[in-house]
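Fold and geometry: a report
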Amino acid sequence: MSGYCDFAPGHPLHGPYHDTEYGFPSRDEAVLFERLILEINQAGLSWETMLKKRDGFRRAYSGFDVDAVAAYGDRDRDRLLGDAGIIRNRLKVDAAIHNAQVIQTLRASHGSFADWLDAHVVEGSAVRDKAGWVKLFKKTFRFTGGEITNEFLMSLGYLPGTHREDCPVFARIAALDPPWRRVAQVS
């Protein structure tokens, strides 16, 4: 998304996200879950809308605590569907709850959500491409089509493309050795 490097710097919402989060690797489960929820809810809307509603999502979804969201029941669904601080879409709300439950199972099978992601960077004897990631995400999670999966993975350093090489942020991210860079060096 090289165009993001043109307009995001200095913007009150996009600037901080571009400069300190977008493309930066993270292993923190709450960060990973937040990004997944935001990307799912962004479908059909602008990223700026998501950044404006981010605090509302944080409050509504228990600070992106996976275990808390996984335990949500009918009352919580109704609460979320009535919360003007978030996107009130039943499919997206249900996906967030379901995906929290999936992340719990990934902990049991792989140790953590981040470890599950790491375990799937390579598919067979090659680096997993976008199509492979999309297929895996569709099989594993709800409401994770091509663009949602791509942006989720790019935003956390699993796929390249968040910043142009001449963007100052690119060098900062490269120094953190994101997964896409480690894989590129091996292949």
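As the structure is a computational prediction, the values presented were derived from the model and not from experiment. (Residues numbered from 1 in each chain as written. Predicted model: local features only at pLDDT ≥ 70, side-chain atom pairs only at ≥ 80, totals over all residues. Heavy atoms only, no water.)

**A short note on the pattern of salt bridges**
- Tallied over the entire structure, the rule returns 16 salt bridges.
- For Lys52, the salt bridge is made with Glu48, and the minimal N-O distance between the two is 3.8 Å. In this pair, Lys52 and Glu48 both sit in helix α4 (residues 47–60), four residues apart, roughly one turn of the helix.
- Judged by its relative accessible area of 58%, Lys52 is exposed. (Salt bridge = Lys/Arg side-chain N within 4 Å of Asp/Glu carboxyl O. Helix = DSSP H or I, 4+ residues; strand = E, 2+ residues; numbered from the N terminus. Buried < 20%, exposed > 50% of the residue type's maximum accessible area, 1.4 Å probe, protein only.)

**With respect to helix α3 (residues 29–42)**
- Helix length check: α3 (14 residues) gives 20 Å between terminal C-alpha atoms against 20 Å at 1.5 Å per residue, within 8%.
- Most of α3 is tucked away, with 11 of its 14 residues classed as buried.
- When α3 is considered as a whole, its buried residues turn out to be Leu32, Phe33, Glu34, Arg35, Leu36, Ile37, Leu38, Glu39, Ile40, Asn41 and Gln42.
- Buried-residue contacts for α3 involve α2 (14–20), α4, α5 (66–70), α7 (90–110), α8 (113–119) and α10 (146–155).
- Where α3 starts, the residue carrying a side-chain oxygen 2.8 Å from the main-chain nitrogen of Ala30 turns out to be Asp28. (Expected span 1.5 Å × (residues − 1). Contact = heavy atoms within 4.5 Å. Polar contact = N/O pair within 3.5 Å; in protein donor to acceptor, adjacent residues only side chain to side chain.)

**Details of the packing of aromatic side chains**
- Per the counting criterion, the structure on display carries 16 aromatic pairs.
- Judged by centre distance (5.3 Å) and plane angle (85 degrees), the ring pair of Tyr4 and Phe7 falls under edge-to-face. Residue Tyr4 and its partner Phe7 are located together in helix α1 (residues 4–7), separated by three residues, close to a single helical turn.
- A relative accessible area of 45% places Phe7 in the partly exposed class.
- Between the aromatic rings of Phe137 and Phe141, the centroid separation amounts to 5.1 Å while the plane-to-plane angle is 40 degrees, which identifies the pairing as tilted. Residues Phe137 and Phe141 agree in their burial class; the two are buried.
- Linked through ring pairs, Phe113, Trp116, Trp133, Phe137, Phe141, Phe152 and Tyr158 together constitute an aromatic cluster.
- Cation over ring: Arg79 sits above Tyr72, and NZ or CZ is 5.2 Å from the ring centre.
- The aromatic ring of Trp133 is capped on one face by Arg128, whose charged end is 5.6 Å from the ring centroid. (Phe/Tyr/Trp six-rings, centres within 6.5 Å; stacked < 30°, edge-to-face > 60°. Lys NZ or Arg CZ within 6 Å of the ring centre and 35° of its normal.)

The values are spatial; any link to function lies outside them.
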